Amino acid sequence: MDAMTRQEEDQITGLFEAYASGFDDFDADTVADRFAYPCTIWQFGKGNVFADREELLENVEALLSVYEREEIVHSAFQVIEKVLTGNVAMVTLKWQQEREDGDVALEFICHYALIESPEGWAIATVFNEDP
């Protein structure tokens, strides 16, 4: 395994900061722009493959509707683990989705497989831990 350089760490952190901001701003395009296609999201023991950005946008918009209903306004993450091998990284984050008053509406852990391309780092696969 390669040691992650400070620049790579900053790029990966920036990816997730932009990803979280997309949720906070209810901006499905910003969220979808953080992915490489095709991508896979594993949740509740089932994998869903999204061939392109348009397919993923439908899923993200549905998720943002849930966030709106739950009055979620802020997404915070903590890096649990990161491993880099060449142009692939595995990153585990603990997420908290908070309401305006700071109340935690949702808390969960996700594992991400990232891939680096000339355009930068992007999410290839998400594994949501089942509650």
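The sections below set out a description of the structure shown in this document. (Residues numbered from 1 in each chain as written. Predicted model: local features only at pLDDT ≥ 70, side-chain atom pairs only at ≥ 80, totals over all residues. Heavy atoms only, no water.)

We now examine the layout of surface pockets. If you add up the space inside the largest pocket, you get close to 650 Å³. When contributions to the lining of the largest pocket are tallied by element, the ones reaching two or more residues are α1 (6-24), β1 (35-43), β2 (46-50), α3 (53-69), β4 (88-99), β5 (104-117) and β6 (120-128). In terms of residue class, the lining of the largest pocket is built from 20 nonpolar, six polar and three charged. (1 Å grid on protein atoms, 1.4 Å probe; cavity = no way out; pocket = protein on both sides within 12 Å on 5 of 7 lines; lining within 4 Å. Points joined across faces, edges and corners; volume = space filled by probe spheres on them. Helix = DSSP H or I, 4+ residues; strand = E, 2+ residues; numbered from the N terminus. Nonpolar A, V, L, I, M, F, W, Y, C, P; charged D, E, K, R; others polar.)

Attention shifts here to the packing of aromatic side chains. For the structure shown, the criterion picks out nine aromatic pairs. In this structure an aromatic cluster arises from ring pairing among F16, Y19, F23, F35, Y67, F77, W95 and Y112. (Phe/Tyr/Trp six-rings, centres within 6.5 Å; stacked < 30°, edge-to-face > 60°.)

Here the focus is the side chain of E98. As for its position among the elements, E98 is in strand β4. Within the buried set, E98 has no salt-bridge partner at all; the shortest N-O distance to an opposite charge, 10 Å, is to K94. With near-sequence residues (within four places) excluded, E98 lies in contact with E71, I72, V73, H74, A76, D103, V104 and A105. (Buried < 20%, exposed > 50% of the residue type's maximum accessible area, 1.4 Å probe, protein only. Lys, Arg positive; Asp, Glu negative; His and termini not counted. Salt bridge = Lys/Arg side-chain N within 4 Å of Asp/Glu carboxyl O. Contact = heavy atoms within 4.5 Å.)

Once that is clear, we can look at the side chain of T40. Mapped onto the fold, T40 is located in strand β1. For T40, a relative accessible area of 18% gives the class buried. Once you skip the residues sitting within four places of it in the chain, T40 turns out to touch G47, N48, V49, A124, T125 and V126.

The subject of this paragraph is unusual backbone geometry. Look at the link from Y37 to P38: it is a cis peptide, with omega at -5°. Residue position: P38 is located in strand β1. The backbone phi angle of F26 is positive, close to 55°, even though this residue is not glycine. Note on placement: F26 falls in the loop between α1 and α2 (28-32). Here E71, not a glycine, exhibits a phi torsion of approximately 60°, which is positive. Inspection of the secondary structure assignment puts E71 in the loop between α3 and β3 (72-85). Overall, the relative accessible area of 55% leaves E71 in the exposed class.

Ranked by size, the top nonpolar core spans 31 residues in total, and within it F16, Y19, F35, Y112, L114 and I123 carry the most contacts. Counting only elements with at least two residues in this core, the list comes to α1, α2, β1, α3, β3, β4, β5 and β6. If near-sequence neighbours (up to four positions away) are discounted, I123 is found in contact with L15, F16, Y19, R34, F35, A36, C39, Y112, A113 and L114. (Core = buried A, V, L, I, M, F, W, Y, C linked by side-chain atoms within 4.5 Å.)

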